[in-house]
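Okay, here's what each chain looks like letter by letter:
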Amino acid sequence: MKHLLSTNDLSRAQAIRILDTAEQMAATQDREIRKLPTLRGKTIVNLFFEDSTRTRISFEAAAKRLSADVINFSAKGSSVSKGESLKDTALTLQAMGADAVVIRHWASGAAYRLAESGWMHGSVLNAGDGTHQHPTQALLDAFTMRKHLIGAQEGPGAHMQTPTGNDLTGLTVGLVGDVLHSRVARSNVSLLTTLGAKVVLVSPPTLVPVGIESWPVEVVHGLDEALDRFDIDALMMLRVQRERMSGGGSSFFPSAQEYTRLFGLDGDRMRRLPGHAIVMHPGPMNRGLEITAEAADSERSVIVEQVSNGVAVRMAALYLLLAGEEDAQ
Ligand code: NCD
């Protein structure tokens, strides 16, 4: 594997290899000295054309813990604001000897363009392109679900013993809210399906993408209905992405109150989930809109843990793309 662009490109075996490697990486993070020498001498560029807190910091931490040199580039304050194209930016990175570029861009397809253009020779990791894909987010979500819900000896994780190995067979995952604008939802639907989980999308009709019939999912139009009909093991709340809606959302749902009434997760709805179920959110949260503080800060919430798992998963991805092949030889 040279690039990580989309969860659609991952076979079950490849996905499991990343998750297993992430588990080994996570184990190294409990040690006193957390830094591994693995990517010494490699240069990784974080190329961010769109705002980010978690993803950018997490890729930076992952690269540094593998001893790579990290260059952070954000479009704001760079020559991009003078109109420089993606091509010229890529040629500059190539001239600086980047071994890998982590790219977040507002245009769907930007990561593919960079990988396939030949403008640069390094690996490309997609850290979110428009409404299209965000593969490391889906991988960290799957990692978090596997840890809590699959195969552990005791405790809540004892819920499932999957017969097929280390995948997510038998789990039902609910993705709730603004699916239309969510690269997190798209990445999760394909990865979760590859790993054997069942996916339920819970979304207002106006926030369901065109062509949903061909997705391998069930669709319901209210959170209460989803809680009635399905035994949900992991409930992932999606952010209402107002920056991708003209008019701040008013053309997609009548009011914020109405959205919260039908799709928001509060304490009462949370208590209707099965006892072992976990509550997830990729962040950043709109507290009070898609999730209440009670649900976000509850014992079932793994939202903060998703962030730390993100570092281990990104360490695994960087390691497998940049050193995995050499290592195997
Ligand atoms: C997500 C993103 O940027 O796609 N956030 C993240 O990476 N943690 C989700 C979002 O912005 O709602």
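Residues numbered from 1 in each chain as written. Predicted model: local features only at pLDDT ≥ 70, side-chain atom pairs only at ≥ 80, totals over all residues. Heavy atoms only, no water.

Trainee: Please give an account of the pattern of salt bridges that cites residues and values.
Mentor: What the rule picks out here adds up to 19 salt bridges. Between Glu60 and Lys64 there is a salt bridge whose closest N-O contact spans 2.6 Å. Note that Glu60 and Lys64 are positioned in helix H2 (residues 54-65) at a spacing of four residues, about one turn of the helix. Of the charged contacts in the structure, one is a salt bridge between Asp297 and Arg287, with a shortest N-O distance of 2.9 Å. In this pair, Asp297 is assigned in the loop between helix H10 (293-296) and helix H11 (303-328) and Arg287 in the loop between strand E9 (278-280) and H10, connecting sequence segments ten residues apart. For Arg287, a relative accessible area of 45% translates into the label partly exposed. Within the structure, one salt-bridge network assembled from shared partners comprises Lys198, Glu218, Glu225 and Arg229. (Salt bridge = Lys/Arg side-chain N within 4 Å of Asp/Glu carboxyl O. Helix = DSSP H or I, 4+ residues; strand = E, 2+ residues; numbered from the N terminus. Buried < 20%, exposed > 50% of the residue type's maximum accessible area, 1.4 Å probe, protein only.)

Trainee: Tell me about the sheet that holds strand E1 (residues 43-48), and name the residues and values.
Mentor: Read across the sheet, four strands follow the order E2-E1-E3-E4 without closing on themselves; strand pairing throughout is parallel. Both edges of this open sheet fall to strand E2 (69-74) and strand E4 (123-129), since each of them pairs with a single strand only. Each strand axis lies, on average, 15° off the axis of its neighbour in the sheet, ignoring direction. Here five bridges tie strand E3 (residues 100-105) to E4, and the two strands are oriented parallel to one another. Its bridge partner lying in E4, Ile103 is registered against Asn126. (Pairing = 2+ DSSP bridges. Axes fitted to C-alpha atoms, helices over the stretch in contact; angles between N-to-C directions.)

Trainee: Residue-level account of the packing of helix H1 (residues 12-28) against helix H5 (residues 135-149), with values.
Mentor: The interhelical angle for the contact between H1 and H5, taken along N-to-C directions, is 70°, at an axis separation of 10 Å. Considered as vectors, H1 and H5 are oriented roughly perpendicular to each other. Along the contact surface, H1 presents Ile16, Ile18, Leu19, Asp20, Ala22, Glu23 and Ala26, while H5 presents Leu139, Ala142, Phe143 and Arg146. Residues that form the contact of H1 with H5 fall into these classes: eight nonpolar, no polar and three charged. (Parallel < 35°, antiparallel > 145°, perpendicular 65-115°, else oblique. Contact = heavy atoms within 4.5 Å. Nonpolar A, V, L, I, M, F, W, Y, C, P; charged D, E, K, R; others polar.)

Trainee: Tell me what's going on with the side chain of Ser190, and back it up with residues and numbers.
Mentor: Residue placement: Ser190 occurs in helix H6 (residues 183-194). Polar side-chain contacts of Ser190 include one of 2.5 Å to the side chain of Thr7. Residues within four places of Ser190 in sequence aside, it is in contact with Thr7, Asn8 and Gln133. (Polar contact = N/O pair within 3.5 Å; in protein donor to acceptor, adjacent residues only side chain to side chain.)

Trainee: Which residues make up the nonpolar core, and what values go with them?
Mentor: Within soluble globular proteins, side chains that are nonpolar tend to cluster in buried spots. Of all hydrophobic cores here, the largest spans 67 residues; its most connected members are Ile44, Leu125, Met145, Leu168, Leu175 and Leu201. Here this core gets twelve residues from one element, more than from any other, and that element is H11. A domain split of this core shows at least three residues from each of domain 1 (7-133 + 307-328) and domain 2 (135-303). Those residues in contact with Leu201 that sit more than four places away from it in its chain are Leu175, Val179, Val189, Ile212, Trp215, Val217, Glu218, Val219 and Val220. Membership of the second largest hydrophobic core comes to 28 residues, among which are Leu223, Leu235, Phe253 and Leu265. (Core = buried A, V, L, I, M, F, W, Y, C linked by side-chain atoms within 4.5 Å. Domains from an automatic or database assignment.)

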